Amino acid sequence: MYDVCSHAISGKLKPEQAYLAFIDVKDLHKEVLSTLIDVLTVLDIETQAKEDEHDRERFIALLKSCVRIFPPVLLKVRMNEDTLDLIGMVSKKLYKQKFIRAKTKLFYKQEKFNLLREESEGYAKLITELGKELKVTDTPVQVSENVQALIGCFSLDPVRVVDLLLEVFECRLDREELFAPLLKYFATDREVLCQLLGFKFQNCQTSGETPDSLYSLAALLLHYRLLDIDPLYSHLKPDDVVLTSSYKQQLAEAKQSARKAIFNKPAEEESASKPDESRIYQNNQKLGLCEALLKLGNWELAKRCIELVPEFMAVSYEPIATTLCKLIHALIDPLYQRNHGLPPAVFKSAAIPMIGKDKSTVESFADLRLKVFPMLRSLGPHLSFDPVLMAKMCRLGNAFMKERKRLNCPLELEPVYFGFLALLDEVILPSLSTMEGNCCIAEEVWNLLKHLPYVHRYRLYGQWKNDTYSLHPRLIKIKAHALERARYIMKRLTKENVKPSGRQVGKISHANPGILFEYVLTQIQSYSNMIGPVADALKYLTSMSYDMLVYCIIESLANPLKERTKFDEMNISEWLQSLANFTGLVCKKYSIELGGLLQYVTNQLKAGKSFDLIILREIIQKMGGVETVDEMTDDQLSAMGGGELLRAEGGYFSQMRNTKKSSQRLKDGLMENELALPLVLLMAQQRNCVVFHEGSLVKHLKLVGKLYDQCQDTLVQYVTFLANQLSSGDYATMLPPLDQLISEYHISAEAAFSLSRPSYSHYIIQKYDELKRQDRKAKDKERDKDKEAAAALKTQRYLDAVEAVMAPVIETTKPVFAQKLWDDFSPQFYVTFWSLTMYDLHVPTSSYDREIQKMKVVLISIEDNKDMAQSKKKKEKERCIAMMDKLGDEQRKQQDHRARVMQRLTQEKDGWFYPKTTKNEMITQFLQLCVFPRCCYTASDALYCAQFMYTIHTLKTPNFSTLICYDRIFCDITYTVASCTENEASRYGRFLCAMLETVMRWHSSKDIFDKECSDYPGFVTIFRVAQTPGKQDRLDYENYRHVCHKWHFKITKALVICLESADYTQIRNALIVLTKILPHYPRVTNLGQALERRVDKIRNHEKDKRPDLYALATSYCGQLKMKSNTLIPESEFHLKEVVAVAAGKTSVKSKELLTSKKDEHSAKEVDKKSASNAAAVTGNTTVKNSAVKTAVPAAVAIKKVSDVIVTGPNKHEEPKKERSESRKESRRDWKEKEGKDSKRKEEKREVRDKEELDTKGDDSTRAPAVKKSHDDSDREHKRRKVETNSKVSILVAEHF
């Protein structure tokens, strides 16, 4: 149709043709004419816009042709009056006149009625009719008929009648069932009714006060849907703009007061500037209407009113909040009556009647979510106006959580569960902040919170602490006030006023724990001396406050803005250490759930971060009573080798019995959260990779060492705690097998065996008891009266149990390591070494005697105490006597156990070391894979390694050379010391001290040496084929003393190298080792003086540079000077006899003393050089070097024992003649090459000999030229030493 009309306008069609076309289609559909008139209207607008006269004329012609088709009314409605005038349908002038008249009549003309001021009779009768005492039987129909009669009789104004109805209804609100239908009948126009009511509200606004009856009238009209709330809301005052600006002003003033609190503005100034917040609530018609709706029980309309004002402004008005709480009370009462959870004797609440017209109540938790939760969320933090309702909701939540747990968390209850979470987040916790120290409500809240997992609780705490306080001006001011009070209390907290200050702290924590603890933790991290008083002041906290405290600690630990190292980046930050100390102390003193804190440490380990292990270490130390072993004294360390009771009484600084409850809580926290095993595995893995992962992130090696030590110490602490707290069966069941720990979890062998060791003991004892029970059943009738036979049988049963338990372990250990390892010693020896402990090898008799003596002293003091009551005195005596008896029984039990272990070792020793193994290689593997890893693991393991080697020696183990083993340990400790961390150096020092104790005991007396060493295979110096070593093949006492001097000299040389290096780690470790071995080293005067000069030099040099090195050096100097009177000259330490070694034979020359002091000094100095090592190793090599010839009196003083590295069996040797020829040829080539530069070497050595370890000189007197020569000589010596050592190794291999 549009195209047809367009062609007609453009002239392509005639108007008659278009008309005929439209005639044909008009009957096809009834809407065709309407569509066509719309098309013509559009074209009318287009032709007018184009201003083309021809097109306009053709359009008018077309329209005139089509006029006959359309009804005239349709054209007059749709078309423009100008167009209608052109086609002659209407006159434009006449049309405008009629339009003006109709408009005037419609909008400006008013019909006349009988107004009240003109004639009052009709209105008087109407008021009389409505105001009379209406009977109950009067119905709205009857009253409406009377009113209609009056209106008709007196021609009353309908609007006036409705107004009078409203007035009477306002006065007689109790007859709403009568007036509501009347108004519905007469007030058919809601807009008129709304304007009448709005006029009443506006009149009250100007007069100053709005009566409650008007609010109730409006609420009833809204309730009966006679009005809409939005039109009426526009008539109410104050305006929304005023409310919004007032709310913003309150928010700004609250933030300003918070800033004043932060900057310690006095409270008087703050109160003086505090605005009058109640003015916004005076004659507030919007809030009054909302209150009336709530009293009526119409929540939907009241909710609309609440949503129209700024957030929480309506419910911050106390009458609204209390009315809404009453409505909620009535709704939840049936459900609360069934689920209050109180004993019948306590619960005596009567049923609450329903408010308003809606009588429906909440009968289930699903209804609670749908009906009550929206009301409570509208209340927000203002639920605090009704603490009783808050307690009821917490009890309902508690009942729901129990029901949910009982039904195993069904899906249909999940919406209610998350509804309670939202309720806690938005209503309960914010409302708790606005209460003034209500501990009862805090406990009710905790009864609900404790059912939630810690993840959900901490999420709620975080939202509460960091976001909730910024939602409302009231909460902002509360936060500022709580912070001000916390600051006030912390400034005055001391040890003397802990109790009153603690009460104030508890009062704040009941309502605002997050604000309080954030400030308290900040103070603790800055001032470590406040840890004790603050921890004592927290005893008045509620359970929820303790839980919030743990969250605040985790939040503080996880703060990414805090640096975990000091400014020097060499030490862990003070704030982290203080926070860890405080955490451990608080966790011990109070019952705190530890799941979240332990999970945080676990997550940090998963991320490869070990800084926060300090938290776990402090928790275990404080709660479990397990202290770091490296911090123990020698007496405590000795007690750690005893039984469980001795360890508890004498092995720790704190008494284990004082940590019984806290240990149980820590164990429960680990087991309930399934973190016991993951923490073990993660710490063991982190111990291996801490150097590589975190070493690349820190700049100083000292910090890397501290992190490694922290990981190692915490792992040992944690494993000790688990072994003490878990039963042996539970512990053994928890751990994976040894091979799985090493291969699948990639844990090092020393850590894996340390974890598995308690389980092996458990399985052996279990199997041993089982075998003994079998023997008892077999001998019930015939008992063996022979005690020796019975003891032998028990020992055999123990050996059988060991075999049954350890054989599978040995088999699973073989494939874990390379096969080459088992060529040097047996897998049985390896497993035996790693599976035993100090408890198995040594009974600390002195420790048992010391603890028993302590109990005797306590008994005497109890007896002398006259102030103690007799009952208590008797009880204490019984406890001490029982403790002495238990210690004695434990000692005897350990002695029996050690005897069985020694029988086991005696049975196994013959298969430990293979006779065809090279001694050097075997000792190297033993030290590398067994001794060194374990002696650096813990201090107890360091003592164990020394005791184990002594045990191997005393057992006369075949194919094991004690001399070679000790020589390898003492001869060059430089690299071992330099590669240790701080704690490892301490443990290595303890190990060396224990070894030196044995060495010096043998050195002290020939009788002791002959008794413990002379006839032992460990002191054989020459190994012969198929012969039993004779006396001439063993080391005698005097030569042993020479060897001891050599060992002391080697230790001195190695430690002096470390002390003279500029490396921090080497100096520190050397000083630590020297301090640990001080009881047995140094013993020779000149060696002690040499060390003293070096340490004094370090002390002077590091005084203002590295305080920790200065402190170590000063401490060692003081201890060394105290020991200086016990040092002896070298001549008393060993006789300077000369032992000449002939080629292929061993002979001792007569006493050949040094010819001069110069020769003596030269010999001693050259003996300290590596060139003499070759002569000492080969034993029968004639060295033509002049310096070595001079050194013969002091260097070659033994039968191949000067360096005691004459090793290796003879069973694999080639024929003697071929071996001799090969050895001579190799030696000849080597000597020829060495002789070419012997002169140059001698000159350099003479310069160095005058400077290095000169007991009479001082390093500070060296001339620069001599120092330079010494440095050049050092470099040349090191280069030559590498070549010499390689050649010596070839000669030794050929010789043996």
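Residues numbered from 1 in each chain as written. Predicted model: local features only at pLDDT ≥ 70, side-chain atom pairs only at ≥ 80, totals over all residues. Heavy atoms only, no water.

Let us now look at the overall build of the chain. Broken down by element type, the chain carries 63 helices and two strands. Across the 1296 residues in the chain, those meeting the buried criterion constitute 52%. Within the chain, counting contacts between residues at least 6 apart in sequence, those at least 24 apart form 77% of the total. Roughly 62200 Å² of accessible area belongs to the chain as shown, and the carbon and sulfur atoms make up 53% of that amount. (Helix = DSSP H or I, 4+ residues; strand = E, 2+ residues; numbered from the N terminus. Buried < 20%, exposed > 50% of the residue type's maximum accessible area, 1.4 Å probe, protein only. Contact = heavy atoms within 4.5 Å. Areas by Shrake-Rupley, 256 points an atom, 1.4 Å probe, with all protein chains shown as cover.)

Below, the discussion takes up the environment of Ser-979. If you trace the backbone, Ser-979 turns up in the loop between α49 (974-978) and α50 (982-1004). On the accessibility criterion, Ser-979 (55% relative accessible area) is exposed. Once the C-alpha coordinates of Ser-979 and Gln-1066 are considered, the two residues, 87 residues apart in sequence, prove to be 8.0 Å apart. Here the side chain of Ser-979 touches Tyr-975 through a polar contact of 3.0 Å, landing on its backbone oxygen. From its side chain, Ser-979 meets the backbone oxygen of Thr-976 in a polar contact 3.1 Å long. (Polar contact = N/O pair within 3.5 Å; in protein donor to acceptor, adjacent residues only side chain to side chain.)

The next point concerns a nonpolar patch on the surface. A surface patch of nonpolar side chains, about 310 Å² in accessible area, is lined by Tyr-95, Phe-99 and Ile-100. Relative to the elements of secondary structure, Tyr-95 occurs in helix α7 (residues 92-107). Overall, Tyr-95 belongs to the partly exposed group, its relative accessible area being 34%. (Patch = residues over 30% accessible without salt bridge, like charges linked within 9 Å, V, L, I, M, F, W, Y side chains within 5 Å. Salt bridge = Lys/Arg side-chain N within 4 Å of Asp/Glu carboxyl O.)

A few words now on the packing of aromatic side chains. Taken as a whole and judged by the stated rule, the model has 47 aromatic pairs. Consider the rings of Phe-932 and Tyr-988, whose centres lie 6.2 Å apart with planes at 65°: the pair is edge-to-face. In this pair, Phe-932 is assigned in helix α46 (residues 919-935) and Tyr-988 in helix α50, connecting sequence segments 56 residues apart. A cation over a ring is seen here: Arg-934 above Tyr-944, with NZ or CZ 3.7 Å from the ring centre. Geometry around Tyr-1016 places Lys-956 over its ring, the cationic atom sitting 4.8 Å from the centre. (Phe/Tyr/Trp six-rings, centres within 6.5 Å; stacked < 30°, edge-to-face > 60°. Lys NZ or Arg CZ within 6 Å of the ring centre and 35° of its normal.)

Axis separation between helix α42 (residues 827-835) and helix α47 (residues 939-954) bottoms out at 11 Å; the angle between their running directions is 135°. Here α42 is positioned oblique relative to α47, judged by the angle of their axes. The hand of the α42/α47 crossing is right-handed. Side by side, α42 and α47 meet where Phe-829, Thr-832 and Phe-833 of the first sit next to Tyr-944, Cys-945, Phe-948 and Ile-952 of the second. Grouping the amino acids of the contact of α42 with α47 by side-chain chemistry returns six nonpolar, one polar and no charged. (Axes fitted to C-alpha atoms, helices over the stretch in contact; angles between N-to-C directions. Parallel < 35°, antiparallel > 145°, perpendicular 65-115°, else oblique. Left-handed = near helix turned anticlockwise from the far one by under 90°. Nonpolar A, V, L, I, M, F, W, Y, C, P; charged D, E, K, R; others polar.)

For the rest of this paragraph, the subject is the packing of helix α26 (residues 498-511) against helix α27 (residues 513-526). Their axes nearest at 6 Å, the elements α26 and α27 cross at an angle of 130°. Classified by the angle their axes make, α26 and α27 are oblique. In this structure, α26 uses Val-505, Ile-508, Ser-509 and Ala-511 to contact α27, whose residues at the interface are Pro-513, Leu-516 and Phe-517. Class assignment of the residues belonging to the contact of α26 with α27 gives a composition of six nonpolar, one polar and no charged.

Examined against the element boundaries, Thr-714 turns out to sit in helix α37 (residues 701-725). Relative accessible area serves as the criterion here: at 0%, Thr-714 is assigned to the buried category. Filtering out sequence-adjacent residues up to four positions away, Thr-714 remains in contact with Leu-613, Leu-616, Arg-617 and Met-683.

Next up on the list: the pattern of salt bridges. Side chains carrying opposite charge are able to pair once their charged atoms draw close together. Under the counting rule described, the total for this entry stands at 45 salt bridges. For Lys-295, the salt bridge is made with Glu-291, and the minimal N-O distance between the two is 3.3 Å. Here Lys-295 and its partner Glu-291 are both found in helix α17 (residues 285-296), four residues apart, which amounts to about one turn of the helix.

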